[in-house]
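Chain by chain, the residues:
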Amino acid sequence: MESPPLSRRSLLQAIGAVIATAATPLGWEDVAQAMDDADAHAGQLAGPGKLSFLTSAEAADIEAVAAQIIPTDDTPGAREAGVIDFIDRALATFYSQLGSDYRAQLTAFQAACRELHPGALSFAALTSDQQIEFLTRVDDTPFFNTTRLLTLLGMFALPSYGGNRDGTGWKLLGFEDTHVFHPPFGYYDRDYPGFAADATKTR
Amino acid sequence: MSPQTYRDSDTVDFIVVGSGAAGGVIARELAQAGLTVVVMEQGPRFSPRTFRHDELKDWYLGGITNDAVRNPQTFRSDAAQKAELQKFKPALWYGRGVGGSSLHYTANFWRFHEIDFVERSVLGAIPGTGFADWPITYADLEPYYTKVEWEIGVSGLAGASPFDPPRTKPYPMPPLPVKSSGVLFERGARKLGWHPVPAPMAINSQPYRGRPACVHCGFCHGFGCEVRAKASSLTTVLPEAEATGRCEVRPESYVFRIETNKDGRATGVTYFDGERRERFQRSRGVVVCANGAETPRLLLMSANTQFPHGLANSSGLVGKYLMFNYSSRALGLFEHELNEYKSVQVTRILHDFYDSDPRRGHYGGGGLDARIGPQPTTWAIRTATEGPSWGSAFKARLKEFPRSMQVACHGTSLAVESNNVTLDPDLKDAWGLPAIRVTYKDHVDDLANARFLQDRGAEILEAAGALRVTKSPVSEQSSSMHLLGTCRMGHDPATSVIDKDHRSHDVRNLFLCDGSSLVTSGRGQPTMTIQALAFRAGEHIAQFAKRGEI
């Protein structure tokens, strides 16, 4: 199977597929309403570890893919960030129209995995090395591109959307979720002597 | 809601279509001159308090902008192709809400230079393009640039740049505090003998005109400012217009036709209200400030038996000469943290390469600035397109976020007639109106200029001591937030849509003012010039109205 490197185009196409099918046909006001509803019914909609749209088997495979996109090593990865909770919630609410297409893509992914590993129970049940080897073959498919987009959104978007649990994604980047900052902002502006207008006078 | 409201049956002096950078200014100028005004805005009126640091909403779900589903657009790179539906984002992206694109812009506020207005005379014709002089000069606009700086509020350092055009007053506020990207940019550029200067930004470095100073939260680009430190029409000129008691800002009012009578005069506008009821507001004059995409679309949708090719379109140029500006970039990774996600996007710029230079072998020039660009989510998505896209190597790249910056290189776009906005023959928006079809292909000189500027950006990063410098590919653009040139101004009705006072050549009481008015693209950062034009247009239109000349 060919596995061409990810192109900008293919990523944008994946994003396009997400948006087009999921698509906010309603716009943000309605999304906001959906979010409010989701918050209001937090007890009814699944909390962390509970699922609203995906089956537990589907969630296990998607989470395993997400955990290879941003793996857990000496720092937390997609798994610890609760990306799967974001993805499930997205498919249940603001990306609900994505659901059926995405599920079909997942089924194809699972079928391809079974073909290569007939003895394995699921993608999630493979060893990490086997998972990586398999993903290298399929990392330009619609399923993988969509999963990566959802993983990145779930890793770094506001925790109120269900992922980025405890700011895990932000901590990975070194992004400080604080509303007000004061200079100096970084290493290089600490001892800045001030703008020397003289240096610019000569044309 | 505005304190003053009008009924559809009232004949107001002016309808202003669009509440953004230009519409807000013109509404204020007309209302303060004693005229009655209704501002029609297709989007909602947000309270600044509701603006959030929410990347998913504002970048991926059309939170405060047009979106790809309700406001779909098609794109093609030349007229021989079938235009494709843009599923991710509209090709022409703009703020949709009271304040328009001044809600989500970055607020870089450079003045155009003297050369921008007379470049065609200085450099000569460029075959295959509509390269032309403006009907006004920098000197005509200078008082209004000053007015923008003082009325809207711009932070900056006058006299810092040896390339700046003449000015009559300093900036009202000092520059914002420098960021690490600015320090590195300054260090690198000076080593090369260039002239980095503090960036002029329409963001308060100190409290100004009732709005607080910036708190450096970092969410300017693509977001509304909940602090109100970033100037927007929502928080500056529109409240001032409403305070006159003569201006109603009417949100969720989507104008889709300008009506005319047998004398060829505009009589008012037909629009959908929030409940999608079709309504007609009567007025003595109409000013369209709906942006470089929606202004030509509205004129084209207003075609009738008297104006079969669209209103104000005897030249055939409505929608033509669309210009995006080209923004190329060089990325730099440094040893220590910059934390560019904090504070405003840009604190240092340079204009050493602003003027076109025939020795480069192509037309074009530009300005460079130091910034990071996206916040976390978009950083991650962008990083996946520029190297390892999953796994440990990708994760390592993501962690470079606080040690990274870019030099953004803002360049010219030539006016090319085949780059344009037309009505899609098939696609409709959520209201059943013809969708925008965009045809656009960067001129070969625009691409050459983008690469030239990007090389200079990379040199700055190298000179500043970057551990790694990469250049993002320069390829043809298929989308933009800079929507320029589509109803250009000029003296000759055969080669322009509006005159030097923004009056349409064909309809005496119809005026157009926004990015569509620009004759040349400048070097990125068009909003400052759009607002200067709007202050000038507003003043002149009010004078015409008072003298009975509309």
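1. A closer look at the overall build of chain B
The number of helices and strands found in chain B is 11 helices and 17 strands. Over its C-alpha atoms chain B spans a radius of gyration of 22 Å, differing by no more than 12% from the 24 Å that the globule rule assigns to 550 residues. Counting only C-alpha atoms and orienting by the principal axes, one finds that chain B spans roughly 70 × 50 × 50 Å. Sorting the 550 residues of chain B into buried and exposed places 63% on the buried side.

2. Re helix 5 (residues 180-191) of chain B
Owing to its 3.6 residues per turn, the α-helix aligns residues three or four sequence positions apart on the same side. All names here are of chain B. End to end, helix 5 covers 17 Å across 12 residues, agreeing with the expected 16 Å (1.5 Å per residue, within 8%). With 9 of 12 residues buried, helix 5 is to be regarded as a mostly interior element. Of the residues making up helix 5, those classed as buried are Ser-180, Ser-181, Gly-182, Val-183, Leu-184, Phe-185, Glu-186, Gly-188 and Ala-189. In this structure, the buried residues of helix 5 make contact with strand 11 (348-350), strand 12 (366-371), strand 13 (404-411) and helix 10 (444-463).

3. Here's the deal with the interface of chain A and chain B
Contact with chain A, which involves 54 residues of that partner, is made by 53 residues of chain B. The set of elements that each furnish at least two residues to the side of chain A that touches chain B consists of helix 1 (8-22), helix 2 (28-40), helix 3 (56-69), helix 7 (142-156) and helix 8 (168-173) of chain A. A total of 7 residues in the side of chain A that touches chain B trace back to one element, the largest contributor, which is helix 1 of chain A. Across the side of chain A that touches chain B, the residue classes break down as 37 nonpolar, 10 polar and 7 charged.

4. Section: the packing of helix 1 (residues 21-32) of chain B against helix 11 (residues 527-546) of chain B
All names here are of chain B. Where helix 1 contacts helix 11, the two axes come as close as 8 Å, and the packing angle between them is 30°. Compared by their axis directions, helix 1 and helix 11 come out roughly parallel. Crossing geometry of helix 1 relative to helix 11 is assigned as right-handed. Residue-level inspection shows Ala-21, Ala-22, Val-25, Ile-26, Glu-29 and Leu-30 of helix 1 in contact with helix 11, the latter providing Thr-527, Ile-530, Gln-531, Ala-534, Phe-535, Ala-537, Gly-538, Glu-539, Ile-541 and Ala-542.

5. Notes on the environment of A:Arg114
Residues and elements named next belong to chain A. Here Arg-114 is to be found in helix 5 (residues 99-116). With 14 C-beta atoms packed within 10 Å, Arg-114 lands in the partly exposed category. When the C-alpha atoms of Arg-114 and Thr-147 are compared, they prove to be 19 Å apart, with 33 residues separating the residues in sequence.

6. Digging into the sheet that holds strand 16 (residues 468-471) of chain B
Residue and element names in this part refer to chain B. The antiparallel open sheet is built from 6 strands, whose spatial order is 5-11-12-13-10-16. Because the sheet does not close on itself, it has two edges, and the strands there are strand 5 (197-198) and strand 16. Against the sheet, helix 5 touches strand 11, strand 12 and strand 13, its axis set at about 135° to strand 12. Against the sheet, helix 10 contacts strand 10 (326-333), strand 12, strand 13 and strand 16, and its axis sits at roughly 20° relative to strand 10.

7. Concerning the pairing of strand 10 of chain B
All names here are of chain B. Most of strand 10 is tucked away: 7 of the 8 residues are buried. Judged from the 8 bridges that link them, strand 10 and strand 13 form a sheet pairing that is antiparallel. When the bridges of strand 13 are listed, Leu-331 appears paired with Gln-406.

8. Regarding the environment of B:Leu453
Take B:Leu453: it is sitting in helix 10. If we skip the residues at most four places from it in the chain, B:Leu453 touches B:Ser328, B:Phe353, B:Gly366, B:Leu368, B:Cys409 and B:Gly411.

9. Some details on unusual backbone geometry
Each neighbour pair has its own omega, and for A:Pro183 with A:Pro184 the value is 0°, a cis peptide bond. By secondary structure assignment, the location of A:Pro184 is in the segment after helix 8. Of note, the phi angle at B:His502 is positive, near 75°, even though the residue is not glycine. When you line up the elements, B:His502 lands in the loop between strand 16 and strand 17 (510-512).

10. A look at helix 1 of chain B
All names here are of chain B. Under the 1.5 Å per step criterion, the end-to-end length of helix 1 is 17 Å for 12 residues, consistent within 8% with the ideal 16 Å. Counted residue by residue, helix 1 has 11 buried out of 12 residues, so it is predominantly covered. Among the residues of helix 1, Ala-21, Ala-22, Gly-23, Gly-24, Val-25, Ile-26, Ala-27, Arg-28, Glu-29, Leu-30 and Ala-31 are the ones counted as buried. Turning to helix 1, the residues buried within the fold contact strand 1 (11-17), strand 2 (37-40), helix 6 (237-243), strand 6 (247-250), strand 9 (278-288) and helix 11. Phi turns positive, to about 100°, at Gly-34, one or two residues after helix 1.

11. What to know about the nonpolar core
All names here are of chain B. Core analysis: the largest hydrophobic core is formed by 210 residues, its most contacted members being Val-17, Ile-26 and Val-37. Tallying contributions element by element places helix 11 first for this core, with 9 residues. Not counting the four nearest positions on each side in its chain, Val-37 is found in contact with Val-12, Asp-13, Phe-14, Val-16, Ala-27, Leu-30, Ala-31, Ala-241, Arg-246 and Cys-247.

12. Details of the sheet that holds strand 14 (residues 420-428) of chain B
Residue and element names in this part refer to chain B. Read from one edge of the open sheet, 4 strands run 4-3-15-14, paired in mixed fashion. A strand with exactly one partner marks an edge of an open sheet, and here the two such strands are strand 4 (84-85) and strand 14. Two strands pair when backbone bridges link them, and strand 3 (residues 73-76) and strand 4 are joined in this way by 2 bridges, in the antiparallel orientation. Bridged to Phe-75 within strand 4 is Glu-84.

13. With respect to the environment of B:Asp273
Residue and element names in this part refer to chain B. Mapped onto the elements of the fold, Asp-273 is located in the loop between strand 8 (266-272) and strand 9. Note on Asp-273: 15 C-beta atoms within 10 Å, which makes it partly exposed. In this structure the C-alpha to C-alpha distance between Asp-273 and Ser-343, which are 70 residues apart in sequence, comes to 38 Å.

Conventions adopted
Residues numbered from 1 in each chain as written. Chains lettered and ligands numbered in written order. Predicted model: local features only at pLDDT ≥ 70, side-chain atom pairs only at ≥ 80, totals over all residues. Helix = DSSP H or I, 4+ residues; strand = E, 2+ residues; numbered from the N terminus. Rg over C-alpha atoms; globule rule 2.2 N^0.38 Å. Buried ≥ 20, exposed ≤ 12 C-beta atoms within 10 Å, placed from the backbone. Expected span 1.5 Å × (residues − 1). Contact = placed C-beta atoms within 7 Å. Nonpolar A, V, L, I, M, F, W, Y, C, P; charged D, E, K, R; others polar. Axes fitted to C-alpha atoms, helices over the stretch in contact; angles between N-to-C directions. Parallel < 35°, antiparallel > 145°, perpendicular 65-115°, else oblique. Left-handed = near helix turned anticlockwise from the far one by under 90°. Pairing = 2+ DSSP bridges. Core = buried A, V, L, I, M, F, W, Y, C linked by C-beta atoms within 7 Å.

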